[in-house]
Amino acid sequence: MNIEIKMILSLLPMFIIGAMIILVLISMVISRRNSGCSLILTLTGLLLSISVLIYCRYTETFVIIPFLSIDGYYIFFSLLILISSFATVIFSNIWLSFYPDKEEFYLLLLIASLGGILLASANNFASLFIGIELMSVPLLGIIGYASHNKFSIEACIKYSMLSFISTSFFLFSLALIYGHFGNLVFSEIGTEVTAEYLNKYPLLLVGLALLITSIGFKLSLVPFHFWTPDVYQGVPTPVITFLATTIKIAIFSAIARFLILVSITDHESIRMVLEVMAFLSIVVGNLLAFYQKNLKRFLGYSSIAHLGYLWISLIFINKHLFSLETAEIYLLGYLLSSLGLLGIITLISSRNQTSSLDNYRGLFWKDPVISIMMTIMMLSLAGIPMTLGFIGKFYLIMLLIIMHAWWLMVAFMIGSVIAICYYLRITVYLYLSPPMEKISSNYTPLTIGRLSVNIAVLILTILVIILGLIPQVVITFIKYAHPIPS
Amino acid sequence: MFLPWLIIIPIIGGFLCFPLARSGTEGPRWISLIVCVLILILSFEILWKNDYALMQYGKELSFWQHYSISWISRFGIQVHLSIDGLSLLMVLLTGLLGLMAVLCSWRELDSTGWFHFNMMLILCGVIGVFLSQDLFLFFCFWEIMIIPMYFLISLWGHKELSETSRITAGLKFFIYTQSSGLLLLIAIITLSLVHYSATGLWTFSYLQLLHHPQMSYTVEYILMLCFFIAFAVKLPLVPLHGAVIDAHSFAPTTGAIDLIGLLIKTGGYGLLRFSFLLFPRASINFAPTAMMLGIISIFYGSWMAFNQNDIKRMVAYTSLSHMGFLVIGIYTNNSLAYQGTVIQMISHSLSAAGLFIVCGLLYQRLHTRNMSQIEGLWHNINYLPALTIFFAVATMGLPGTGNFLGEFLILFGSYRFFPTVTIIASFGIIFATVYSLIMIQRTFFGSPNLSLRLKKISIRELFILGLLMCVLLGLCFYPQPVINISSWSYINIPY
């Protein structure tokens, strides 16, 4: 067996993050809860893992150990997960400065990212379940971190209820699937499953339906989306960053790997269910986002719509390598632009505590650089040419045409027209004349925390534009990011 | 290589304006002025440097200059620019109208760098549309010019109206253009996919897609319709005219000029260059329907124009009616009508620009656009009444102006093939006379309000209108250069 050194290296992030969790715990004891220490440890751990993964990015080989597949697919998705965790840490710095206890936040975040990486490499229902739980349980702590805020408590309770319900659905589906196959490995299940096979065993179909339901809850797809806006409204913006990017990418990567290896979408009714979910998520998410006045709720609904677009690529993922490419490009665009947008919202909402749209009125005349960056992020999310978001949209349209999915194309068209309307409506707010009574803006001094968020957003903006202008770089990169079935 | 510079110069100009975005200094105005002059100089340079004798009159398409580098090799997308007679004329027109727009807004707006930044981006997008030979690139430019336009409408819109109604007008414009743009994108991708599935090669190049393999007639027809809708929204044609008319009545004077002169032309240009060549069979079968829409536009536009009280809305409807002639010319499919179409495109945008500028000047002095409140201006603003009459007469297509030549050539060319359509369309000219004369009569005749002492027309304003007038007169009395230049690209538009 010939294992490249890079493959061993690419396993490293799990160990690094695991070690950092212990180190943060130790440092909490030794340094008498000096938050700077744990912050530095967390950032180094994440940065180290990111650089290791970037070093290993062009690998053709793969390793499969009992629970994990270490391949290009894992490297790509872990990179996205770690980048978004890194951004969350940086963004949360401003918000956490009002809190006495900061270390636990970093600790919980590290554990959840470890769960995310595990999900990206899970090739087995057992590791999938461990990953999901490793991510969801610390998430409860993160969501409820602002425990003095009653909205935060509400969000925490809502999320925990739904999280437990979806976990129990997941476990039940696991039981049914295991009961049928006596096996939990995706690739071995995949060798048996065909459309005719599924037709013969209705109980297996029930199990798969429960699995889809549980994943639908986690990804907040319509009709399982009701918790999203409430939870988003209740938590601080950095936590939204974590919810909207890290969690969703991790779960998406796991379910995508399952669907690639096990071709359940060949079955007529399963495909129809997925199509209906995508259709509804796009239309309902966009329509509801259109009517929001609160920026956080708006973000919740727009993330539902984006996940709906991504869900489309899952429907065809076992037929064509192109749909995986679509999903990856779209996800990268979504990640970079929503991280940028959330960073800016973190900056602005740290000045004034409300998340109403009125805070953004006339921002351009006070802070031109930030509003230009926000405009670029909005345009990228709306999919306007010369940004990375457009490349994702381009891929998606191509996928829909290749697959002759005309109903989804209709949904896509309706959705993207509505999306452009609301993104632009918010954007134009930035350039209106500022309201008179608020002209005496409370000037906030530039701390290190704010500066680092500014720099992070600047880098993200440049990336969105550069990668949108020269998408070939990304396309070459993701050529290696596919799971190789054994 | 001049071609990339034609696109890069406005971008550089825009970004130079940008640091001055918040200060109301003179800088941005001079920068945009220089950019427009540079575009004009560059395009004249291209015109003079080319040796037309070398042009091959063969079956292959030929362009004067090419510029191409690889862009996204995964899909064989290139940055491929080239220019021929038709695109050169359009670029020249763009430069001229850009210049007018800059001069026009010289004093009128609290014009900041942000305004000029948007304007430069529109210029860049429009020139890009005229030059690009790669359909993906074409679509990028096509979309790029919409966003700044939205900002111009919703931020600098008509002052009398509330902010929300301006934003709504901008949004309406955006929804129309954006949804039709999506159709265009889907059609472009489908075309490329058809090529890929037949040959195994990814390409978005216009020249290669022209020789696309046979697709089924239904597919061709649907794709052609997608292209047609996208272009018709920008023309505008009757069922799709709502957004553009609204945008006119809400837009600032300069925005209106841009819209009419630049965006509209991309619609006509797109129909000429893409719709017909890529889908010849479907287009020929679609011609009667398109002409029908053209006739409806002619009559609907002129009747609506006759009904308006708002002077700017009236001008917008007149342009709708002229676009009807344009579509008839394009779908007639012969060389005479094609030459008429080119002249009509140029002269119509010049005359409409003139009328829009006149509206702006009147509004500056009277602070109303309602024609029923304006009366007896005949002796009031020194040269303005005379100039207005000239542009109104040009709009109705009186001999001596370019519009006459354009309409004459279109009708002349189409009579041989579509006599009925031509006869019906000719009656449209009568209504053109009616609405332009009624406008003159309402605003300039009647009992003068003697207490009104209005500011005289300034040298700058006189220069703008005078220049437009000279070009329009020149187009009729000596149209041969324009016909020559455009005929060099006629072989690119073979029927």
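Residues numbered from 1 in each chain as written. Chains lettered and ligands numbered in written order. Predicted model: local features only at pLDDT ≥ 70, side-chain atom pairs only at ≥ 80, totals over all residues. Heavy atoms only, no water.

## Concerning the overall build of chain B
- Helix and strand content of chain B: 19 helices and two strands.
- Within chain B, the proportion of its 495 residues that are buried is 66%.
- In chain B, the share of contacts with a sequence separation of at least 24, taken over all contacts with a separation of at least 6, comes to 80%.
- As displayed, chain B has an accessible area near 16900 Å², and 67% of this comes from carbon and sulfur atoms. (Helix = DSSP H or I, 4+ residues; strand = E, 2+ residues; numbered from the N terminus. Buried < 20%, exposed > 50% of the residue type's maximum accessible area, 1.4 Å probe, protein only. Contact = heavy atoms within 4.5 Å. Areas by Shrake-Rupley, 256 points an atom, 1.4 Å probe, with all protein chains shown as cover.)

## Some words on the pairing of strand β1 (residues 65-72) of chain B
- Of the pairings in the sheet, the one linking β1 of chain B to strand β2 (residues 77-83) of chain B comprises seven bridges and is antiparallel in character. By the bridge assignment for β2 of chain B, S70 of chain B is matched with Q78 of chain B. (Pairing = 2+ DSSP bridges.)

## Focus: the interface of chain A and chain B
- The interface of chain A with chain B comprises 38 residues on the first partner and 36 residues on the second.
- The contact between chain A and chain B buries some 3500 Å² in all, and 84% of this surface belongs to carbon and sulfur atoms.
- Along the contact surface separating chain A from chain B lie one salt bridge.
- Across the pair E325 of chain A and R74 of chain B runs a salt bridge whose closest N-O atoms are separated by 2.9 Å.
- Applying the counting rule to chain A against chain B returns four residue pairs in polar contact (both at pLDDT 80 or more).
- Contributions of two or more residues to the side of chain A that touches chain B are made by α14 (321-351), α15 (363-366), α16 (368-382), α17 (388-402), α18 (406-431) and α20 (472-478) of chain A. (Buried area = accessible area lost by both parts, 1.4 Å probe. Salt bridge = Lys/Arg side-chain N within 4 Å of Asp/Glu carboxyl O. Polar contact = N/O pair within 3.5 Å; in protein donor to acceptor, adjacent residues only side chain to side chain.)

## A look at the side chain of S192 of chain B
Residue and element names in this part refer to chain B.
- Mapped onto the secondary structure, S192 falls in helix α7 (residues 163-199).
- You can call S192 buried: its relative accessible area is 0%.
- Ignoring sequence-local partners within four residues, the contact set of S192 consists of W202, T203, F204 and L209.

## Considering helix α5 (residues 135-144) of chain B
- Along α5 of chain B, ten of the ten residues are buried, which leaves the element largely enclosed by surrounding structure.
- Residue D134 of chain B occupies the N-cap position of α5 of chain B, its side-chain oxygen lying 3.1 Å from the main-chain nitrogen of F136 of chain B.

## Brief notes about the side chain of S136 of chain A
Residues and elements named next belong to chain A.
- Turning to its location among the elements, S136 is positioned in helix α5 (residues 125-143).
- The class of S136 is buried, set by a relative accessible area of 3%.
- At a separation of 2.7 Å, a polar atom in the side chain of S136 contacts the main-chain carbonyl oxygen of I132.
- With residues up to four places along the chain from it excluded, the contact list for S136 reads S163 and K218.

## Comments concerning unusual backbone geometry
Residue and element names in this part refer to chain A.
- Here V222 and P223 are connected by a cis peptide whose omega angle stands at 5°.
- Locating P223 in the fold gives a position in the loop between α9 (202-219) and α10 (227-234).
- You will see that S220, though not glycine, has its phi angle at about 50°, which is positive.
- Structurally, the position occupied by S220 is in the loop between α9 and α10.
- In this model, H404 sits at a positive phi of 55°, which is unusual for a non-glycine residue.
- Note on placement: H404 falls in the loop between α17 and α18.
- When its relative accessible area of 55% is taken as the criterion, H404 is described as exposed.

## Observations concerning the environment of S10 of chain A
All names here are of chain A.
- Within the secondary structure, S10 is located in helix α1 (residues 5-30).
- Relative accessible area serves as the criterion here: at 0%, S10 is assigned to the buried category.
- Residues within four places of S10 in sequence aside, it is in contact with L53, C56, I70, Y74 and I75.

## Things to note about the confidence of the model for chain B
- Residue-level pLDDT values for chain B average 83, and 88% of them are 70 or greater.
- When the elements of chain B are averaged for pLDDT, helix α11 (residues 253-278) of chain B gives the smallest value, 71, and α5 of chain B the largest, 92. (pLDDT = per-residue confidence, 0-100.)

## Some thoughts on the confidence of the model for chain A
- Within chain A, residue pLDDT values average 88, and 94% of them lie at 70 or more.
- Mean pLDDT values for the elements of chain A range from 73 in strand β1 (residues 63-65) of chain A up to 94 in α17 of chain A.

## Focus on the packing of aromatic side chains
- Enumeration according to the criterion identifies 62 aromatic pairs over all chains in this entry.
- Aromatic side chains F129 of chain A and F170 of chain A sit 5.8 Å apart centroid to centroid with 10° between the ring planes, which places their arrangement in the stacked category. Here the residue F129 of chain A occupies a position in helix α5, and F170 of chain A occupies one in helix α6 (residues 150-181), the gap between them amounting to 41 residues.
- Aromatic ring contacts, followed pair by pair, group F322, F390, F394 and Y395 of chain A together with W71, F75, F136, F139, Y196, W202 and F204 of chain B into a single cluster.
- Just above the ring of F151 of chain A sits the side chain of K150 of chain A; from NZ or CZ to the centre is 5.6 Å.
- Its end group placed over the ring of W142 of chain B, K234 of chain B keeps NZ or CZ at 3.7 Å from the ring centre. (Phe/Tyr/Trp six-rings, centres within 6.5 Å; stacked < 30°, edge-to-face > 60°. Lys NZ or Arg CZ within 6 Å of the ring centre and 35° of its normal.)

## Things to note about a nonpolar patch on the surface
- A surface patch of nonpolar side chains, about 580 Å² in accessible area, is lined by I22, L23, L25, I26, V29 and I30 of chain A.
- Residue classification places V29 of chain A among the exposed residues on the basis of a relative accessible area of 66%. (Patch = residues over 30% accessible without salt bridge, like charges linked within 9 Å, V, L, I, M, F, W, Y side chains within 5 Å.)

## What about the packing of helix α14 (residues 335-366) of chain B against helix α15 (residues 384-396) of chain B?
Residues and elements named next belong to chain B.
- For the pair α14 and α15, interaxial distance at closest approach is 9 Å and the crossing angle is 145°. Here the hand of the crossing between α14 and α15 comes out left-handed. Only L384, T388, F391, A392, A394 and T395 of α15 make contact with α14, whose side of the interface consists of L350, S351, G354, L355, V358, L361 and L362.
- Taken together, the residues of the contact of α14 with α15 break down into nine nonpolar, four polar and no charged. (Axes fitted to C-alpha atoms, helices over the stretch in contact; angles between N-to-C directions. Left-handed = near helix turned anticlockwise from the far one by under 90°. Nonpolar A, V, L, I, M, F, W, Y, C, P; charged D, E, K, R; others polar.)

## Description of helix α4 (residues 103-121) of chain A
- For α4 of chain A, with 19 residues, the first-to-last C-alpha span of 28 Å sits near the 27 Å given by 1.5 Å per residue.
- When you tally the buried positions in α4 of chain A, you get 16 out of 19 residues, the bulk of the element. (Expected span 1.5 Å × (residues − 1).)

## A short note on the pattern of salt bridges
- Evaluation of the coordinates by the stated rule reveals ten salt bridges over all chains.
- Across the pair R281 of chain B and E220 of chain B runs a salt bridge, and its minimum N-O distance is 2.7 Å. Of this pair, R281 of chain B sits in helix α12 (residues 280-307) while E220 of chain B sits in helix α9 (residues 217-234), and the two are 61 residues apart along the sequence.
- Residue classification places R281 of chain B among the partly exposed positions, given a relative accessible area of 37%.
- Using a relative accessible area of 2% as the deciding quantity, one classes E220 of chain B as buried.
- Among the ionic contacts, a cluster of salt bridges with common partners joins E154, K158, D230 and R297 of chain A.

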